[in-house]
Amino acid sequence: MVESLRFRDATLAKQVAGKIHKLASKKGVIKICHVCGTHEWTITHFGLRSLLPTNLEVIAGPGCPVCIVPASEIDEAIQLALKDIAIVCFGDILRVSGSKKSLLDVKAEGADVRVVYSVNDAVEMAEKESHKDFVFFAIGFETTAPSTAVEVVEQPPKNLGFLVSHRLIPPAMKLLVEMKDLNLSGFIAPGHVSTIIGLKPYEIFPRHYRMPTVVAGFEPLDVLFGVYMILKQLSEGKPSLENEYVRAVHSEGNVKARVLMREVFEVVDGNWRGLGKVPSSTLKLRGKYTNYDARLRYGVKVDGGVDIRPGCKCHLVIVGKIKPTECPLFMKACTPQKPLGPCMVSMEGTCQIWAKASELI
Amino acid sequence: MVIAMCLAIPAKVLDIKGDRAQVDFGGGISRDVNITLVDAKVGDYILVHAGYAIQVLSEKEARETLLLWNEILEAADA
């Protein structure tokens, strides 16, 4: 299917860039925010910013699910690991620092920390090693939370617990749109999160905040047409919600996944690294599943947590207030090989994406 | 296999056994994924995230996207 389609056609890209320039020339400063690490990768890797007019800025919001996990929750995972429990996690979170250490640090000191591709791997490990306690560190946005829900609802082995740290994207977008100093003109909504949640959760942005919002896919042309659609709405003065990624996103989302998420999780307030407390943005296991809640099962208790190390500007990069290159540590004291902040640790962090792209030039 | 948290990769369904499917990511990479969350059949393209299919991709709508893009580009007013 992919070969026969023209999702990366350079001629089309130049044509749509021309349209973007024409519309933007009638406007002052335009600031469009996306909230997905994969969008940032597409934009940076394909050099899309170089095609855009100088008065149009595309900024990266808190779209890296690893970067926004607060230090306190990594501290919780570390505390569990030190209790001789095997921590099972995605690879990206391994090197992200908690208040003092990362999971990789405690692994190097002998703790049992295992990297997997999927929550299902954690279930299989717990089945095979029934004498040992396992905890799956369940991070990720709405794209990932349904897979945790699939396994929890199927009543996995009792020696497997869940440290749930899933976060929801629309409440963070609400926080961004209300930051007056950010002064956003429009949102590119995240395509893969939207395959699950559908379009409805974004309706508030054009309706209440008059913020053009376009769900876009991840090919370079998807992003460019997303930008064009936002500019068109701005020029017509009619902010609305549009879906550019119709081949994957249906307006109702993935109903099966949403039903499962609602069955397993309730929504509570939660802290995000770089953003602080975001109301109604975090998932927690519902009462009937609390026997799988690792925090309750093992009596996990941690204090506040240190999210941002001295000198690190990740809290400003995460909300798009500065570019990675505006951080004095970028590619000096903080590199992909020796990252200081979470935005440089994760492959979906804005700093690492910018660092890797600069290596290509 | 890239493990990125908000990345989802398209793959073609080769075979289905219960809630598991063998899928082809292209480039010689195939693996077993969970399809509980979607109604997929052999031959469909699905989006896979962290070992779970999260949506079935529509070829019809992919083609419609290209038509829409062409319409936008051909429109004289913008």
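A few words now on the overall build of chain B. Broken down by element type, chain B carries one helix and five strands. Put simply, chain B runs from its N terminus to its C terminus through helices and strands in the order β-β-β-β-β-α. Every one of the 78 residues in chain B was classed for burial, and the buried ones make up 37%. The contacts in chain B between residues at least 6 apart in sequence include a share of 26% that link residues at least 24 apart.

Before going further, it helps to examine the confidence of the model for chain B. Here chain B averages 85 in pLDDT, while 88% of its residues score no lower than 70. For this predicted complex, the interface score ipTM comes out at 0.89, alongside a pTM of 0.94.

Moving on, we come to the domain arrangement of chain A. Residue and element names in this part refer to chain A. Structurally, chain A comprises domain 1 (10-65 + 175-243), domain 2 (71-168 + 253-297) and domain 3 (314-360). For domain 1 versus domain 3, the separation of C-alpha centres amounts to 22 Å. In this assembly, 15 residues from domain 1 lie in contact with twelve residues from domain 3. Listed by contribution, the elements that provide at least two residues to the side of domain 1 that touches domain 3 are helix 2 (37-45) and strand 2 (56-60). Per-element tally for the side of domain 1 that touches domain 3: the top contributor is helix 2, with six residues. Broken down by class, the residue content of the side of domain 1 that touches domain 3 amounts to nine nonpolar, five polar and one charged.

Attention now moves to the interface of chain A and chain B. Each partner contributes to the interface: chain A provides 45 residues, whereas chain B provides 30 residues. The set of elements that each furnish at least two residues to the side of chain A that touches chain B consists of helix 1 (10-24), helix 2, helix 6 (145-153), helix 8 (191-197), helix 10 (220-236) and helix 11 (255-264) of chain A. Sort the elements by how many residues they give to the side of chain A that touches chain B and helix 1 of chain A lands first, with six residues. Here the residues of the side of chain A that touches chain B are counted per class, giving 23 nonpolar, 14 polar and eight charged.

Residue and element names in this part refer to chain A. Taken N-terminus to C-terminus, the directions of helix 1 and helix 10 make an angle of 25 degrees; their axes are 10 Å apart at the nearest point. The orientation of helix 1 relative to helix 10 falls into the category roughly parallel. Where helix 1 crosses over helix 10, the two elements pack in a sense that is left-handed. Residues Leu12, Ala13, Val16, Ala17, Lys19, Ile20, Leu23 and Ala24 of helix 1 pack against Pro220, Leu221, Leu224, Phe225, Val227, Tyr228, Leu231, Lys232 and Ser235 of helix 10. Of the residues that constitute the contact of helix 1 with helix 10, the class distribution is 14 nonpolar, one polar and two charged.

Residues and elements named next belong to chain A. Strand order across the open sheet formed by four strands is 4-3-5-6, with parallel pairing between neighbours. Every interior strand has two partners, whereas the edge strands, strand 4 (113-116) and strand 6 (160-164), have only one. Each adjacent strand pair in this sheet contributes to an overall mean axis angle of 25 degrees, direction not counted. One ladder, built from four bridges, connects strand 3 (residues 86-90) with strand 4; its direction is parallel. In the sheet register, cysteine 89 faces strand 4, and the bridge partner there is valine 115. This element, helix 5 (residues 119-128), spans strand 3, strand 4, strand 5 (134-138) and strand 6 of the sheet and lies at about 175 degrees to strand 5.

Right, let's talk about the nonpolar core for a bit. Counting residues in each nonpolar core, the largest one holds 140 residues, and the members touching the most others are A:Ile87, A:Val135 and A:Phe137. With residues up to four places along the chain from it excluded, the contact list for A:Val135 reads A:Leu80, A:Ile85, A:Ile87, A:Val88, A:Gly161, A:Phe162, A:Leu163 and A:Ala294.

The next subject is the packing of helix 6 of chain A against helix 11 of chain A. Residue and element names in this part refer to chain A. Direction vectors running N to C along helix 6 and helix 11 enclose 60 degrees, while the axes themselves pass 9 Å from each other. The hand of the helix 6/helix 11 crossing is left-handed. When helix 6 is examined against helix 11, the residues Ala145, Pro146, Ala149, Val150, Val152 and Val153 are found in contact with a partner set consisting of Ala257, Leu260, Met261, Glu263 and Val264. A class-by-class count of the residues in the contact of helix 6 with helix 11 yields ten nonpolar, no polar and one charged.

What follows concerns the pairing of strand 3 (residues 29-34) of chain B. Residue and element names in this part refer to chain B. Where strand 2 (residues 20-26) meets strand 3, six bridges bridge the pair, whose relative direction is antiparallel. In the strand pairing of strand 3, glutamine 22 is matched with aspartate 32. Hairpin connection from strand 2 to strand 3: two residues lie between these consecutive antiparallel strands, with glycine 27 at a positive phi of about 60 degrees.

Residues and elements named next belong to chain A. At glutamine 155, a position not held by glycine, the phi torsion is positive, near 55 degrees. With respect to the helices, strands and loops of the structure, glutamine 155 is situated in the loop between helix 6 and strand 6. The exposure class assigned to glutamine 155 is exposed, which follows from the 10 C-beta atoms found within 10 Å. Positive phi is not limited to glycine here, since serine 280 has a value of about 50 degrees. Tracing the chain through its elements places serine 280 in strand 11 (residues 276-285). C-beta crowding within 10 Å serves as the criterion here: with 12 such atoms nearby, serine 280 is assigned to the exposed category.

Quick notes on the rules
Residues numbered from 1 in each chain as written. Chains lettered and ligands numbered in written order. Predicted model: local features only at pLDDT ≥ 70, side-chain atom pairs only at ≥ 80, totals over all residues. Helix = DSSP H or I, 4+ residues; strand = E, 2+ residues; numbered from the N terminus. Buried ≥ 20, exposed ≤ 12 C-beta atoms within 10 Å, placed from the backbone. Contact = placed C-beta atoms within 7 Å. pLDDT = per-residue confidence, 0-100. Domains from an automatic or database assignment. Nonpolar A, V, L, I, M, F, W, Y, C, P; charged D, E, K, R; others polar. Axes fitted to C-alpha atoms, helices over the stretch in contact; angles between N-to-C directions. Parallel < 35°, antiparallel > 145°, perpendicular 65-115°, else oblique. Left-handed = near helix turned anticlockwise from the far one by under 90°. Pairing = 2+ DSSP bridges. Core = buried A, V, L, I, M, F, W, Y, C linked by C-beta atoms within 7 Å.

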